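# Coordinate inspection notes
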Amino acid sequence: GQNIDQPTEMTATEGAIVQINCTYQTSGFNGLFWYQQHAGEAPTFLSYNVLDGLEEKGRFSSFLSRSKGYSYLLLKELQMKDSASYLCAVRDWTGANNLFFGTGTRLTVIP
Amino acid sequence: DGGITQSPKYLFRKEGQNVTLSCEQNLNHDAMYWYRQDPGQGLRLIYYSQIVNDFQKGDIAEGYSVSREKKESFPLTVTSAQKNPTAFYLCASSIGRETPNQPQHFGDGTRLSIL
C-alpha cells in the first residue's frame, strides 16, 4: 500500500521562505511529484524527483531522500499568489505506476 | 494550444439519475485518468486507461463507469449506484506508462452536486 503525509495548513509571510514537508511509505517508489492547486482549479505540475538530492526551478526547489521516505518543497521570496494548496504525489510501480496523492498542504501567504 | 478540456464545469444530479462528465485532450497522450477530490482528502483514483479500448479500476471505482473508444476522449459516468457523488472531479492525462518521469496534466475539473 501507500501512505503519504503532509501538514494540513501552513502560514508564511510575503517575501519569506517556506518549507513544505512530505513523508511517504510505498512498496515500489518510482518518483515523487509536487503540484500546486489554487482553490477550484486544476493542479499544475511544479517539480519531479526520482534520485536523492535537490532540484531547483527558479523560486521553487524540491528535495528527496529515498532512504528516509522524505521530500520537501521549498518556496523562496514568497508572493501573495503563492497562496494555494501544494500536493505531494508518489508514483508506485507496484500500483501500475499510478500516482498516489497526499491530502495537500494549504499555504496562506500574509502581507 | 494543447490541453485537457472538462465539461461541464458545474453539474447537478437528481436522485436515481446517471450523469456523464466529459474529458477531451489534444496532447496526443496515451494515458488518461479520473480522480475524485473531497475536502480534507487527497485525490483518489477512480479509473485509468493506458491505451485506447482498455481501462482499469482505480481505488474507488464502485458506482462509476468509463469508456475509452478514442485516444482523445475518456468520459466518466456517475451512476445512481454511487451514493455520495458530491465532489470535485478531475481528469488528467500523461504521455504513457513507459515514461514515468513525465507528469500528469489536469483539466479544470467538474463540480458535481446532488439536487
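The structure this text deals with has already been given above.
Scope of this entry: the structure provided in the associated data block. (Residues numbered from 1 in each chain as written. Chains lettered and ligands numbered in written order. Predicted model: local features only at pLDDT ≥ 70, side-chain atom pairs only at ≥ 80, totals over all residues. Heavy atoms only, no water.)

Pairs can form between side chains of opposite charge once their charged atoms are near each other. Tallied over the full model, the rule gives 6 salt bridges over all chains. Measuring nitrogen to oxygen at the nearest pair gives 3.7 Å for the salt bridge that ties Glu56(A) to Lys76(A). Residue Glu56(A) is found in strand S6 (residues 53–57), and its partner Lys76(A) is found in the loop between strand S8 (70–75) and strand S9 (84–92); the two are separated by 20 residues along the sequence. Overall, the relative accessible area of 27% leaves Lys76(A) in the partly exposed class. Arg36(B) serves as the salt-bridge partner of Asp38(B), at 2.8 Å between the closest nitrogen and oxygen. Considered together, Asp38(B) and Arg36(B) belong to a single accessibility category, that of buried residues. In the salt-bridge network here, residues are joined through shared partners; they are Arg36(B), Asp38(B) and Arg44(B). (Salt bridge = Lys/Arg side-chain N within 4 Å of Asp/Glu carboxyl O. Helix = DSSP H or I, 4+ residues; strand = E, 2+ residues; numbered from the N terminus. Buried < 20%, exposed > 50% of the residue type's maximum accessible area, 1.4 Å probe, protein only.)

As judged from the 3 bridges shared by strand S5 (residues 44–51) of chain B and strand S6 (residues 54–57) of chain B, these two strands associate in the antiparallel manner. Bridge pairing in S6(B) places Tyr48(B) opposite Gln56(B). (Pairing = 2+ DSSP bridges.)

Bringing the sheet that holds strand S3 (residues 18–25) of chain A into the picture now. Residues and elements named next belong to chain A. Read from one edge to the other, the open sheet built from 5 strands follows the order S1-S3-S8-S7-S6, with strand pairing classed as antiparallel. Each having just a single partner strand, strand S1 (3–5) and S6 make up the two edges of the open sheet. Sheet twist, expressed as the mean angle between neighbouring strand axes with direction ignored, is 15°. When S1 meets S3, the two strands line up antiparallel, connected through 3 bridges. Following the sheet pairing, Ile4 is matched in S3 by Tyr24. (Axes fitted to C-alpha atoms, helices over the stretch in contact; angles between N-to-C directions.)

The next point concerns the sheet that holds strand S8 (residues 76–78) of chain B. All names here are of chain B. Read across the open sheet, the 4 strands follow the order S1-S3-S8-S7; overall the sheet is antiparallel. The sheet is open, and its two edges are formed by strand S1 (4–7) and strand S7 (64–66), each paired on a single side. Strand-to-strand twist across the sheet, computed as the mean angle between neighbouring axes with direction ignored, equals 20°.

A few words on the side chain of Gln82(B). Residue and element names in this part refer to chain B. By the secondary structure assignment, Gln82 is in the loop between S8 and strand S9 (87–94). At 3.1 Å, the side chain of Gln82 and the backbone oxygen of Glu62 are in polar contact. At a separation of 3.0 Å, a polar atom in the side chain of Gln82 contacts the main-chain amide nitrogen of Asn84. Beyond its immediate sequence surroundings of up to four residues, Gln82 is in contact with Arg13, Arg36, Glu62, Gly63 and Tyr64. (Polar contact = N/O pair within 3.5 Å; in protein donor to acceptor, adjacent residues only side chain to side chain. Contact = heavy atoms within 4.5 Å.)

A separate point is the nonpolar core. With 21 residues, the main nonpolar core has Ile4(A), Leu32(A), Trp34(A), Leu75(A), Leu78(A), Tyr86(A) and Leu107(A) as its most contacted residues. Contributions of two or more residues to this core are made by S3, strand S4 (29–37), strand S7 (60–65), S8, S9 and strand S11 (105–110) of chain A. Non-local contacts of Leu107(A), meaning those with residues more than four positions away in its chain, are made with Met10(A), Thr11(A), Ala12(A), Val18(A), Leu75(A), Leu78(A), Asp82(A), Ser83(A), Ala84(A) and Tyr86(A). One finds Leu21(B), Tyr47(B), Leu76(B) and Val78(B) within the second-largest nonpolar core, a separate group that totals 20 residues. (Core = buried A, V, L, I, M, F, W, Y, C linked by side-chain atoms within 4.5 Å.)

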